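Structural features, examined
Listed below are the residues making up each chain.
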Amino acid sequence: MTPPPSRRRRAGISSAAPARTLPRRGAIRRAQAITTYGVGSLIAVEQESFIVAGIDAAQEQWPRDESPVIHEPRLARVLNVSHFRLPPASGDDSRDGIRVRRFPLWHHCPGCHALDHVRKFNSPAGRNECGECAETLVPSRFVVACEDGHLSDFPYWTWLHRGRRGDGEAGFCGGRMSLRSSGRTSSLRSVVLSCSCGVPEVSMEGSFRAGALKELHIGCRGERPWLKDAPKDACSLTPRTLQRGSSSVWQPVLRSALSIPPWSDTRVQALGEHWEKLRACSTLAEIGIHLGYIFQGSRPPVTPEQVVELLSAMEAEDLDGEEGLELDQEQRYRALREVEYERLCMGNPEESCGHTEQFVCEPPTGDPKPPAGLGLAGPMLVKKLREVRALQAFTRVIDPETSHEGHEAALSLTPTDWLPAMEVHGEGVFLRFDEERVDAWAELPAVAARVERIRHRHQRVLAERASDPTRVPVSPATPRMALLHTFAHVMINEWSLDSGYPAASLRERIYSGETMAGVLIYTATSDSAGSLGGLVAQGEIDRLARAVHSAAHRAEWCSADPLCIETETSGAGGTNLAACHACVMLPETSCEHNNGLLDRALLVGTPEDPSIGFFSHLLGR
């Protein structure tokens, strides 16, 4: 990551001496460039603040020569790109890194309390300091963002000169604004704005209310500072005030896929983005010639006959046929999950795999029968897996789980044929439920009524966030979905005590649908530490039975009970029932649905009605 030249004062250099303008670097991990500090996010470097630039190739904001290409054909087809790229690695070998731009542009001086645009402080060349008192400038704590992803500096002039006409620029009234803190409290009431023009002082109290800016007729400016030379969008939404470091300023929209046969073989991945050209070949001879061209005379890792088999598998999974034209991206993504579910159920035994295979899945050794009385079919041990996670877009203000495509901010001005992504290698355990038993449980009136409350609230949130009222996505909340999701959470908490991995290093992958009822719990690390064997060992029949019993007993009580189990609504948007951070909630990196659609009572029941718990029989109820 490369910010603009340094403006920091350097020790031992007099104020009259010219400053050296050397590029500064802020080091982040590759995974953070996808999940935490991706395109459009704000990042602090020393005492300055920057926004991560977009991926437009014409503007050279993403050094592609330092970004290795990774391939996952199934996910690439769903996202309509040809390939993915790893973020540049931080370190001495990285020349440029990811580019950033200064944001926010409004700063204040802690010495003279001046508040203005950073360019109006007359800073010495190469220094981020006040030209009058030589104090280091502090970036604005506050920004404004709308649900369409636009981001702007907080309108300090309008907030202070409320009710007066002006263009919102400092100095319009002929005065100079100041920002100071009384220090009496840590609340916004102590943050006070003033102006030398004599307008009454105004504190920042109330600026975070949903309608605070609307009352002052402050609309969204449609600015996209992460995209160089981006024109302002016409936006009718009212922006919200946010803290610069708030998680609501940037939320990634991630898409992921497991590498499963035949795409999980590293020899197949070596063919890269040449699949379309290979598909155009009509004979084995033409395929052989093209393979020779791809590998430039060296021996191809696959034969023409194997390429034909791979192309047939691709066509079998392809959704671009007559029926596929009617599917939107979300439906195509669900279809991708169905293919994964079938392969996890089918398995891929280690004895039939070569050393180039990255997906090994087989049942436990010993007794093949599933654990008795748990409502589970046989577990599958995923001894090797590879997952590719791509950053498709991002949202602001709203949760990606409740957003719609119209609210997702793009990573570039013009469409690109690639997306930033990362790949993780690890291990996992796939648990499949007895569908007949789940269906019988889901038909209980008390269960259906309880889940309907979750679904109704979630659907209402989706409707509020939809950019098009006629295209509101359908909530996935069903009894089966809520059961699988909550079960995955309690098992991650349970296995984090025995597997050697903390909960933040484990992830869930929910397979819920008319023909799916399974959960994959796997490691989420991007290096070889994700395949140490500690998690796979938990899937052995005897250990699994003990773990499920123990997880059910742990979920029976919460330190926040009876408030937790009796709550009528909880979680963001009220999309949870009996779920809190003391019982089933997980770190954000572990949950696919941002800790929503959870209800512990669906596992263990309630004191008034234990029968609604799928595992209540394990508790002697």
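The following paragraphs examine the structure supplied in this document.

Calculation criteria
- Residues numbered from 1 in each chain as written.
- Predicted model: local features only at pLDDT ≥ 70, side-chain atom pairs only at ≥ 80, totals over all residues.
- Heavy atoms only, no water.
- Helix = DSSP H or I, 4+ residues; strand = E, 2+ residues; numbered from the N terminus.
- Contact = heavy atoms within 4.5 Å.
- Areas by Shrake-Rupley, 256 points an atom, 1.4 Å probe, with all protein chains shown as cover.
- Phe/Tyr/Trp six-rings, centres within 6.5 Å; stacked < 30°, edge-to-face > 60°.
- Buried < 20%, exposed > 50% of the residue type's maximum accessible area, 1.4 Å probe, protein only.
- Lys NZ or Arg CZ within 6 Å of the ring centre and 35° of its normal.
- Pairing = 2+ DSSP bridges.
- Axes fitted to C-alpha atoms, helices over the stretch in contact; angles between N-to-C directions.
- Parallel < 35°, antiparallel > 145°, perpendicular 65-115°, else oblique.
- Nonpolar A, V, L, I, M, F, W, Y, C, P; charged D, E, K, R; others polar.
- Disulfide = S-S within 2.5 Å.
- Salt bridge = Lys/Arg side-chain N within 4 Å of Asp/Glu carboxyl O.

Focus on the overall build of the protein chain
- Counting its secondary structure elements, the protein chain contains 15 helices and 20 strands.
- In the protein chain, 68% of the contacts between residues at least 6 apart in sequence involve partners at least 24 apart.
- As presented, the protein chain carries roughly 28200 Å² of accessible surface, and 50% of it is formed by carbon and sulfur atoms.

Points about unusual backbone geometry
- Note the cis peptide between Phe-103 and Pro-104, where omega equals -5 degrees.
- Its location among the elements puts Pro-104 in the loop between strand E5 (100–102) and strand E6 (106–108).
- One non-glycine residue, Glu-46, adopts positive backbone phi at about 55 degrees.
- The topology assignment puts Glu-46 in the loop between strand E1 (42–45) and strand E2 (48–52).
- Within the chain, Asp-229 stands out as a residue other than glycine whose phi angle is a positive 60 degrees.

Description of the packing of aromatic side chains
- Applying the stated criterion to the full structure yields 16 aromatic pairs.
- When the centroid spacing of 5.1 Å and the interplanar angle of 75 degrees are considered together, the rings of Trp-226 and Phe-394 count as edge-to-face. Here Trp-226 is found in the loop between helix H4 (212–215) and strand E14 (240–243), whereas its partner Phe-394 is found in strand E17 (residues 380–395), with 168 residues between them in sequence. For the pair Trp-226 and Phe-394, a shared accessibility class is recorded, and that class is buried.
- Ring-pair connections join several aromatic residues into one group, and the members of that group are Trp-106, Phe-142, Phe-154, Tyr-156, Trp-159 and Phe-208.
- In this structure, Arg-85 packs its charged tip against the face of Trp-418, placed 5.8 Å from the ring centre.

Here's the deal with the sheet that holds E2
- The three strands lie next to each other as E1-E2-E5, forming an open sheet whose pairing is antiparallel. The sheet is open, and its two borders are formed by E1 and E5, each paired with just one other strand. Neighbour to neighbour, the strand axes of the sheet diverge by 40 degrees on average, direction disregarded.
- Summarising the sheet, E1 and E2 pair through four bridges and their orientation is antiparallel. Within the sheet, the bridge partner assigned to Ile-43 lies in E2 and is Phe-50.

Things to note about the packing of helix H12 (residues 479–495) against helix H13 (residues 541–556)
- At a closest axis distance of 9 Å, the pairing of H12 and H13 adopts a crossing angle of 110 degrees. As the angle between them shows, H12 and H13 are arranged roughly perpendicular. For the pair H12 and H13, the contacting residues are Phe-487, Val-490, Met-491, Glu-494 and Trp-495 in the first and Leu-544, Ala-547, Val-548, Ser-550, Ala-551, Arg-554 and Ala-555 in the second.
- Partitioning the contact of H12 with H13 into residue classes produces nine nonpolar, one polar and two charged.

Here's the deal with the state of the cysteines
- The full count for this structure, using the stated rule, is zero disulfides.
- The thiol of Cys-345 is unpaired, and the distance to the nearest cysteine sulfur, on Cys-361, comes to 8.6 Å.
- Taking relative accessible area as the criterion, Cys-345 reaches 27% and is therefore assigned partly exposed.

Quick notes on the environment of Val-138
- As for its placement among the helices and strands, Val-138 is situated in strand E8 (residues 138–139).
- Each residue touching Val-138, except ones within four places of it in the same chain, is listed here: His-107, His-108 and Pro-110.

Examining the environment of Ala-234
- Residue position: Ala-234 is located in the loop between H4 and E14.
- Note: C-alpha distance between Ala-234 and Arg-221 (13 residues apart in sequence) is 7.6 Å.

Section: the pattern of salt bridges
- Tallying each qualifying case throughout the model produces 25 salt bridges.
- In this structure, the salt-bridge partner of Glu-215 is Arg-209, at a minimum N-O distance of 3.2 Å.
- Using a relative accessible area of 45% as the deciding quantity, one classes Arg-209 as partly exposed.
- Its salt-bridge partner being Arg-480, residue Asp-439 comes within 2.7 Å of it at the nearest N-O pair. Of the two residues, Asp-439 is situated in helix H10 (residues 435–442) and Arg-480 in helix H12; the sequence distance between them amounts to 41 residues.
- A relative accessible area of 35% places Asp-439 in the partly exposed class.

Observations concerning the sheet that holds E14
- The strand order across the open sheet formed by three strands is E10-E9-E14, and the pairing between neighbours is antiparallel. Whereas interior strands pair on both sides, the edge strands pair on one side only; in this sheet they are strand E10 (151–153) and E14. Strand after strand, the sheet turns through a mean of 40 degrees between neighbouring axes, direction not considered.
- With three bridges connecting them, strand E9 (residues 142–145) and E10 associate as antiparallel partners. The partner of Ala-145 across the bridge, within E10, is Leu-151.

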